[in-house]
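Secondary and tertiary structure notes
Spelled out, the chains give:
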Amino acid sequence: SFCRHWIDLAVRYEPRLLYRTVESILETGRRTLNKSQIQSLTEHVLTLVLQEPDKFAVFLQRLPTIRDTLGPDFITRKQIEDLIKARLETNDGFIFGIENMIVMLPAEERSALLRSIWDKMPKTQRAYFLINLVVVLDTEVDKDFEDFLITGFRNSIGVSDRKSIFWVRIEQLAINAR
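Read on for a plain summary of the structure. Per-chain numbering applies: the sequence of each chain, read as written, is numbered from 1 onward. Whole-chain, interface and lining totals are the exception, using all residues; otherwise, since this is a predicted model, local features are given only for residues with pLDDT of at least 70 and side-chain atom pairs are given and counted only at 80 or more. In computing side-chain properties, one takes all heavy atoms of the structure into account and sets aside hydrogens as well as water.

Some details on the overall build of the protein chain
Along the backbone of the protein chain there are 11 helices and 0 strands. Overall, the protein chain shows an N-to-C arrangement of helices and strands of α-α-α-α-α-α-α-α-α-α-α. Taken over the C-alpha atoms alone, the protein chain extends approximately 50 × 30 × 30 Å along its principal axes. The buried share of the protein chain, taken over its 178 residues, is 43%. Here the analysis covers contacts within the protein chain between residues at least 6 apart in sequence; of these, 67% occur between residues at least 24 apart. The way it works is that DSSP assigns letters per residue, a run of H or I at least four long becomes a helix, a run of E at least two long becomes a strand, and they are numbered from the N terminus. Residue burial is assigned from relative accessible area. The probe radius is 1.4 Å, only protein chains are included, and a residue is buried under 20% of its type maximum, exposed over 50%, and partly exposed in between. It only takes one pair of heavy atoms within 4.5 Å for two residues to be counted as in contact.

Observations regarding the pattern of salt bridges
Think of a salt bridge as a Lys or Arg side-chain nitrogen and an Asp or Glu carboxyl oxygen that are within 4 Å of each other. By the definition in use, this model includes 6 salt bridges. Glu109 is the salt-bridge partner of Arg77, the closest N and O atoms lying 2.4 Å from each other. Of this pair, Arg77 sits in helix H6 (residues 77-88) while Glu109 sits in helix H8 (residues 107-117), placing them 32 residues apart in sequence. Owing to a relative accessible area of 34%, Arg77 belongs among the partly exposed residues under this scheme. A salt bridge links Asp82 to Lys78; the shortest N-O distance between them is 3.0 Å. Of this pair, Asp82 and Lys78 both sit in helix H6, 4 residues apart, which is roughly one turn of that helix. In this structure Lys78 comes out as exposed when scored by relative accessible area, which is 53%. Salt bridges sharing partners connect three or more residues here, namely Arg77, Glu81 and Glu109.

See below:
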């Protein structure tokens, strides 16, 4: 289809603009394509991202925005899990964007998923990841998940490779809490 070809061209020639291009194509498609065509187009985009997760780290961070535009059926739990797994196996060594995918899950499923991937995360990035996760959480967490987040942060902060940036993120948390 024309939309699929348009996305392929964006991936090949303008990957840094992929988010805007895909958002525009999917928004246009939502008005002109039927549900199965939109789902097919979405699966095509996610397949491209899964093939090169290093290249699309920023795109992964913006998936919740696309989902907010297109609705909760935009991406399935399995697709979210596949994207997280692919991101953890990347060559760039960063876990950028995973927190945004976790918040796309229903609140009651987030803790179990985080626990299942915790040991796969680089130890030096866990504390920074948790700060980023707390920034994007959109619901309250239960006591068990809260304890996991606090304990995980305490155990990770000493080996973190990004200690200097903590204060910037913590200050942002404080401002958002007001």
